[in-house]
Amino acid sequence: MTTISPSESRESESSDAAETVDVLIVGAGLSGIGAAHHLQSKLPGKSYAILESRGAIGGTWDLFRYPGIRSDSDMYTLGYNFRPWTGDKSIADGKDIREYIEDTARDGGIDKHIRFHHRVVKASWSTATSTWTVVAERSDTGATVTFEASFLMCCSGYYDYAKGFTPEFEGVDDFRGTVVHPQLWPEDLDYSGKKVVVIGSGATAITLAPNLARDAEHVTLLQRSPSYIMSLPSKDPVALALRKYLPSKAAYGITRLKNAVTAIGMYVLCQRYPNFMKKQIRKLQEKWLPEGYDLDTHFTPKYNPWDQRLCLVPDNDLFRCIRKGEVELVTDHIDRFTGDGIRLRSGKHLDADIVVTATGLNLVAFGHVDLEVDGKTVDLTETMAYKGMMLTDVPNFAFVVGYTNASWTLKADLVCDYVSRLLGHMDESGYREVRLKRDQSVGEEPFLDFAAGYVLRSVDTFPKQGSEAPWRLRMNYFRDLPVLRFGSLVDDNMSFR
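What you are looking at is a predicted structure, and each value in this text was computed from that prediction instead of being measured.

K.L.:
Looking at this structure, how should I read the environment of Val378?
P.N.:
Mapped onto the elements, Val378 comes out in the loop between strand 18 (376–377) and strand 19 (385–386). Using a relative accessible area of 17% as the deciding quantity, one classes Val378 as buried. Beyond its immediate stretch of four places on either side in the chain, Val378 contacts Leu371, Glu372, Val373, Thr383 and Val394.

K.L.:
So what exactly am I meant to see when it comes to the environment of Ile91 here?
P.N.:
Summarising the element assignment, Ile91 is placed in the loop between helix 4 (75–78) and helix 5 (94–107). Ile91 sits 172 residues away from Ala263 along the chain, and the two C-alpha atoms are 14 Å apart. Discounting residues that sit within four places of it in the chain, Ile91 has contacts with Arg70, Ser71, Ser73, Asp74, Pro233, Ser234 and Pro314.

K.L.:
Please clarify how the sheet that holds strand 16 (residues 354–357) should be interpreted in this entry.
P.N.:
Backbone-to-backbone hydrogen bonds pair the strands of a sheet. The strands run either parallel or antiparallel. Strand order in the open sheet made by the 5 strands is 7-16-8-9-12, with parallel pairing throughout. Looking at strand neighbours, the two that pair on one side only are strand 7 (178–180) and strand 12 (327–331), the edges of this open sheet. The sheet shows a mean angle of 20° between the axes of neighbouring strands, direction not considered. Of the pairings in the sheet, the one linking strand 7 to strand 16 comprises 3 bridges and is parallel in character. Note that in strand 16 the partner of Val180 across the bridge is Val356.

K.L.:
How should the pairing of strand 9 (residues 218–223) be read in this particular structure?
P.N.:
Two faces, one strand: in a regular strand the side chains alternate between the faces of the sheet. Most of strand 9 is tucked away, with 5 of its 6 residues classed as buried. Each parallel crossover has a hand, and the one from strand 8 (residues 195–199) via helix 6 (residues 203–212) to strand 9 is right-handed. Sheet topology places strand 9 next to strand 12; 5 bridges connect them, and they run parallel. Pairing of Leu221 across the sheet is with Leu329, part of strand 12.

So, how was this worked out
Residues numbered from 1 in each chain as written. Predicted model: local features only at pLDDT ≥ 70, side-chain atom pairs only at ≥ 80, totals over all residues. Heavy atoms only, no water. Helix = DSSP H or I, 4+ residues; strand = E, 2+ residues; numbered from the N terminus. Buried < 20%, exposed > 50% of the residue type's maximum accessible area, 1.4 Å probe, protein only. Contact = heavy atoms within 4.5 Å. Pairing = 2+ DSSP bridges. Axes fitted to C-alpha atoms, helices over the stretch in contact; angles between N-to-C directions. Right-handed = clockwise from strand over helix to strand, strands pointing away.

Treat this as a map of the structure, not an account of what it does.
In structure tokens form, the structure reads like this:
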């Protein structure tokens with residue numbers, strides 16, 4: 001097979017020749033750029049390319065542009081383990097996160113390996129040649145291009161970038177105002193002096209409400225049921241203090257460890273002692289909200305803490321807006337849209353010029369890519385995930401899915417490090433294929449054991465996880481760390497050829 005350089009590839013898109021690389025990475029977001037860095041730093045002799053369906057680096061952090069878009073995890077753990085976060089804010093704005101990813105790609109020369117506007121539609125594995133043949137459609141030219149690779153790594157996350165989730169609302173066509181989903185936020189949307197209703201109770205809704213309140217006449221946050229919401233300082237005082245006395249990498253490493261311990265510790269406490277943690281969260285909220293505020297209705301979920309993701313706001317911004325009367329929190333069900341707002345089941349009417357449906361996201365496994373192995377279509381629901389990163393009977397394939405209870409990148413870094421070690425082991429041993437065989441004695445469980453609505457709507461279309469290690473998808477960084485970074489690469493579930 002002939003290897004074509006990136007420049008030659010761009011000049012001859014219509015050629016039947018396939019560009020050939022050792023590793024093909026799908027997605028140029030946080031995970032994809034991180035995967036490229038790990039690969040080229042640990043295995044500098046490997047050639048690789050990144051296929052990105054959009055026209056920019058950043059993935060989720062480039063797609064979402066709604067007001068106030070920010071991290072819902074601290075940047076000392078959402079940042080890469082190899083690149084210190086040097087921003088002042090621990091809870092960072094979307095623009096700053098996007099620039100952090102772009103800087104990582106540029107400084108490492110990774111950006112030269114990215115093929116923009118390449119949407120992968122099909123990937124076929126041939127056992128005879130130990131090769132993935134990947135077909136991508138170019139959204140800028142309409143051309144179809146082909147790549148060949150020895151190893152395929154999917155770093156496209158699990159959000160469906162085409163559209164978010166919006167329930168069917170009766171009477172929505174009668175509404176004379178503007179309805180917008182945060183995933184497709186219009187650049188020219190003018191909400192200054194307007195009455196805005198934000199529907200939702202998750203991270204997006206609680207981010208939008210205080211940011212819209214700066215210019216809107218009034219903002220109503222309408223939720224069907226409450227979420228657990230806590231506040232964190234937007235700046236980490238420990239991190240800023242450490243920077244004054246320690247080298248950048250040392251200060252970053254200590255802060256990263258501290259915050260990882262804090263996040264996992266909070267999760268474990270919530271799972272083991274839910275009633276105790278409910279009381280602690282309530283005590284904090286009582287301090288942040290006006291005296292006598294109806295916490296039972298608006299801030300007391302029916303589920304236990306961390307059965308769904310716990311939402312964070314920086315510097316009490318949502319609670320401060322509620323105290324000032326800039327944001328009104330309403331807990332009720334929608335009866336129907338009217339010409340000038342929303343009528344609730346309680347009979348109350350919410351006047352609105354703009355309605356923002358922050359009602360969730362759609363999940364999709366591996367970005368709608370059709371996988372084939374030796375001409376047979378892979379049914380993902382019949383596969384089982386191995387260590388949360390590889391699939392049974394899908395050779396030379398890995399994927400990144402981060403933690404739901406901590407920063408995504410904590411898991412992404414571990415996966416990328418493991419894959420690099422695995423590829424190195426295969427090279428040293430002369431192997432061209434690694435394949436996972438399912439242990440029939442291990443029971444099946446849903447891929448994501450998480451009660452959030454966006455997960456429950458789609459989890460049946462995902463691979464399964466197993467009931468025990470190494471098939472179980474752990475949501476604990478400190479349990480994964482020794483296994484994925486320092487543990488054995490080979491076990492009886494793996495076969496090499």
